[in-house]
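A structural walkthrough
Chain residues, written in single-letter form:
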Amino acid sequence: MTGIEKITGRILSDAQAEIDTLMADAKAQAADIAAKYANEARKVYADAAAKGKNAAEDRETHLGSSAQMEARKMILAAKQEMLDAAYADAEKRLNSLPDKAMVQTLAALAQKASVTGKEEIILNANVAKRLGAEVVEKANSKGLNLTLSKTTGNFAGGLLLSDGDVEVNCTFDTLVRLTRNETAGEVAKVLFG
C-alpha cells in the first residue's frame, strides 16, 4: 500500500467516523427531543383527554355519539400540535448547531446530494460568510469539485446544490418535512405510546 493510498484510506476512515459520530449525535438529539416531548405530550394528552371526556359526557345526553366524535377530534388536534412542536424543535436544533457540527452536517449533505460533483453550494448569508469556505473544503475532501456560490439563499439553514437549471434542495426545513412524512408514525408512538 503506497503512502497516498494510506493517506486516502485514513481520510476516508476519518470522514466515515465523523459521519458516524454525527449520525449518533443526531440520533441522541432525536431521542432527547422525543423524551422531552413525551412528558409534555402525556400532560397535554391527559388534559385534552379529560376535557374531551367531560365534553363528551355533557354532550352525550344531548347529542349522543356526536359528542364522542368531538372528543376524539380534540385529542387528535392536541396530538397534532405536539407532533408539530417536536418537528419544529428538531429544525430549530439543526439551525442552531455549533459551527463544527454545522460544517460537518452541511458537508455531509453536499456530498450525499451531489450528482455531478461540480455543483455550487448555496448557503444562507450568515452561514456562507462564517462557514462557507470550511463547508466547501470539507465537502470536497471526498474528491468532489464543489464551489461556494456567490449568491445566498433565503432560508434558515441547510443548503441548495445548484448545477445550472437543476437545484437539489437540502434546506433543513425541507429535510425535516420529508423526514416527517417517513417518521411521523414512529414519533407519535414515542410521544403517545
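Residues numbered from 1 in each chain as written. Predicted model: local features only at pLDDT ≥ 70, side-chain atom pairs only at ≥ 80, totals over all residues. Heavy atoms only, no water.

Each helix and strand in the protein chain was counted, giving five helices and four strands. Helices and strands in the protein chain line up, N terminus first, as α-α-α-β-α-β-β-β-α. Each of the 193 residues in the protein chain was classed as buried or not, and the buried ones make up 33%. If you take every contact in the protein chain between residues at least 6 apart in sequence, the share linking residues at least 24 apart comes to 76%. (Helix = DSSP H or I, 4+ residues; strand = E, 2+ residues; numbered from the N terminus. Buried < 20%, exposed > 50% of the residue type's maximum accessible area, 1.4 Å probe, protein only. Contact = heavy atoms within 4.5 Å.)

For the rest of this paragraph, the subject is the nonpolar core. As a rule of thumb, nonpolar side chains are buried together in soluble globular proteins. Judged by nonpolar contacts, the single largest core of 22 residues is most densely connected at L106, A110, I121, L123 and L159. When contributions to this core are tallied by element, the ones reaching two or more residues are α3 (99-113), α4 (125-139) and β3 (158-163). Ranked by the residues each element gives to this core, the list is headed by α3, at eight residues. Setting aside chain neighbours within four positions, we find L106 in contact with L123, V127, V135, G158, L159 and F172. Core analysis: the next-biggest nonpolar cluster, separate from the first, contains six residues, L83, A86, V176 and A188 among them. (Core = buried A, V, L, I, M, F, W, Y, C linked by side-chain atoms within 4.5 Å.)

What follows deals with the packing of α3 against α4. Their axes nearest at 8 Å, the elements α3 and α4 cross at an angle of 55°. Here α3 lies oblique to α4, going by the angle between them. Crossing geometry of α3 relative to α4 is assigned as right-handed. Between α3, through D99, M102, V103, Q104, L106, A107, A110 and Q111, and α4, the contact on the second element is made entirely by V127, R130, L131, E134, V135, K138 and A139. Counted by class, the contact of α3 with α4 contains nine nonpolar, two polar and four charged residues. (Axes fitted to C-alpha atoms, helices over the stretch in contact; angles between N-to-C directions. Parallel < 35°, antiparallel > 145°, perpendicular 65-115°, else oblique. Left-handed = near helix turned anticlockwise from the far one by under 90°. Nonpolar A, V, L, I, M, F, W, Y, C, P; charged D, E, K, R; others polar.)

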